[in-house]
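Each chain, written out:
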Amino acid sequence: MSITQPRGFRAAGVAAGIKAAGAHDLALVVNDGPSQSAAGVFTANRVKAAPVTWSSHAVADGRAHAVVLNSGGANACTGPEGYTDTIATAEHAAGLLGCAADQILVCSTGLIGERLPMPTLLAGIETAHTTLAAGPFADSDASRAIMTTDSVPKTAAIQLPSGVRVGGIAKGAGMLAPQLATMLVVITTDADVEPAALQEALTAATATTFDRVDSDACMSTNDTVLLLASGASGIVPSAPELAEAIRAVAADLARQLVADAEGASHDVHVVVRGAHSEPAAVAVAREIARSNLVKTAIAGNDPNWGRIVAAAGCVPEDVAPFDPAQLSVSVNGVEVCRHGGAHIDRSEVDMTPRETVIEVNLDAGTAEGDIWTNDLTHEYVEENSAYSS
């Protein structure tokens with residue numbers, strides 16, 4: 001189970017007909033309360049899809065009753081008509097659930113620039129409403145309904161010693177970059193939490209999980225992470241307990257996004273230590289993670305540390321001060337570069353595991369940071385070249 005493991009939630013996923021292939025393409029997640037606290041984090045892209053604009057305003061009061069999510073169309077760059085479609089979606093769901101339209105959050109994912117088939121989508125909401133349930137089948141249907149190029153659904157759930165439960169679903173397999181990813185995420189909890197505390201926990205969690213996933217340096221127009229709290233457990237967790245629970249579920253889902261990155265043959269964890277500050281460490285890690293030369297080397301099972309140090313050196317000194325002559329690099333536990341020069345021969349590195357760990361020591365302080373990425377393969381190019389054809 002995932003999003004309905006926390007008490008107070010029901011979900012559904014249906015094949016509404018938005019996707020031509022007939023796959024599941026519409027999900028509905030409902031918070032039955034008694035509390036309906038909500039929080040959200042959205043893309044930083046200046047080009048925002050209509051559902052992002054709607055949901056970011058709707059969740060600003062810290063309350064939400066339900067979320068409607070569709071795949072098969074992003075409803076981005078669709079002008080005033082696309083925003084009207086989002087409002088119609090919220091109003092239709094609100095009518096079925098007996099609440100105000102601004103208590104319905106909306107998420108979409110798929111191809112940019114095309115209007116959604118609204119009669120089909122609205123009928124799908126009605127079907128989803130009649131099939132709302134709690135349990136593994138409802139969770140599975142909802143997680144599959146938000147998939148686009150994903151090869152597998154992504155779910156996570158935990159129960160804390162206090163009895164509080166947290167669950168989540170996510171979609172995303174490419175265009176993973178900072179300020180979230182080309183992803184939709186819904187996390188639920190039955191904790192009794194006020195909206196301000198919920199938002200604080202979500203913002204902190206995304207900063208070290210979803211924002212640390214950088215598959216291809218491309219930022220989506222539709223990124224949305226939502227957190228809903230029902231209060232159905234009657235338990236008021238401590239702020240640290242809640243923050244760690246939300247972070248743990250977010251980290252689990254973020255790692256699943258990396259593992260399903262389009263065409264990838266390696267999951268790459270770039271860890272930078274010995275930095276002047278955490279932002280400096282993250283900046284260096286992100287520069288390495290975004291280097292196509294590093295990514296193609298990993299795809300070819302080549303621990304080419306020269307490309308790694310070259311990428312690190314691209315970060316401006318005022319952002320990440322360090323002495324290049326003190327830079328050291330390890331790949332999968334083998335220190336191939338020490339103090340700016342060759343050390344152990346790269347042939348000693350085992351590149352066969354799916355997970356590749358690049359560790360960089362800047363020797364400029366005590367802070368550290370990390371980024372998850374993946375390699376760049378022929379399959380990625382092929383899949384994305386044919387995405388809209």
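Residues numbered from 1 in each chain as written. Predicted model: local features only at pLDDT ≥ 70, side-chain atom pairs only at ≥ 80, totals over all residues. Heavy atoms only, no water.

**A short note on helix α9 (residues 305-312)**
Applied cut-off: Only protein chains enter the calculation, and the probe is 1.4 Å; a residue is then buried if its accessible area is under 20% of its type maximum, exposed if over 50%, and partly exposed in between. Strands are runs of DSSP state E lasting at least 2 residues, helices are runs of H or I lasting at least 4, and numbering of each runs from the N terminus. What the arc covers is the set of directions going from the helix axis to the C-beta atoms. Here, residues are in contact when the closest pair of their heavy atoms is within 4.5 Å.
Along α9, the residues classified as buried are Trp305, Ile308, Val309, Ala311 and Ala312. Considered in projection along α9, the buried side chains sweep an arc of 160° and stay on one side of the axis. Elements in contact with the buried residues of α9: α7 (278-289), α8 (292-299), β11 (328-331), β12 (334-338), β13 (341-342) and β14 (355-361).

**Thoughts on the pairing of β14**
Quick note on the threshold: If DSSP finds at least two bridges between two strands, the strands pair.
Burial along β14 is one-sided: Thr356, Ile358 and Val360 are buried, and none of Glu355, Val357, Glu359 and Asn361, which face the opposite way, are. By the bridge criterion, 4 bridges tie β11 to β14 in an arrangement that is antiparallel. Bridge pairing in β14 links Val331 to Ile358.

**Let's talk about the pattern of salt bridges**
How we decide: Salt bridge, as applied in this entry: a Lys or Arg side-chain nitrogen positioned within 4 Å of an Asp or Glu carboxyl oxygen.
A complete count under the given rule lists 19 salt bridges for this structure. When the shortest N-O distance is used, the salt bridge between Arg115 and Asp85 registers 2.7 Å. One end of the pair, Arg115, is in the loop between β5 (104-109) and α3 (118-130); the other, Asp85, is in helix α2 (residues 79-97), with 30 residues separating them in the sequence. A relative accessible area of 47% places Arg115 in the partly exposed class. With its nearest N and O atoms 2.6 Å apart, the salt bridge here joins Asp141 to Arg144. Of the two residues, Asp141 and Arg144 both sit in helix α4 (residues 136-145), 3 residues apart, roughly one turn of that helix. A relative accessible area of 32% places Arg144 in the partly exposed class.

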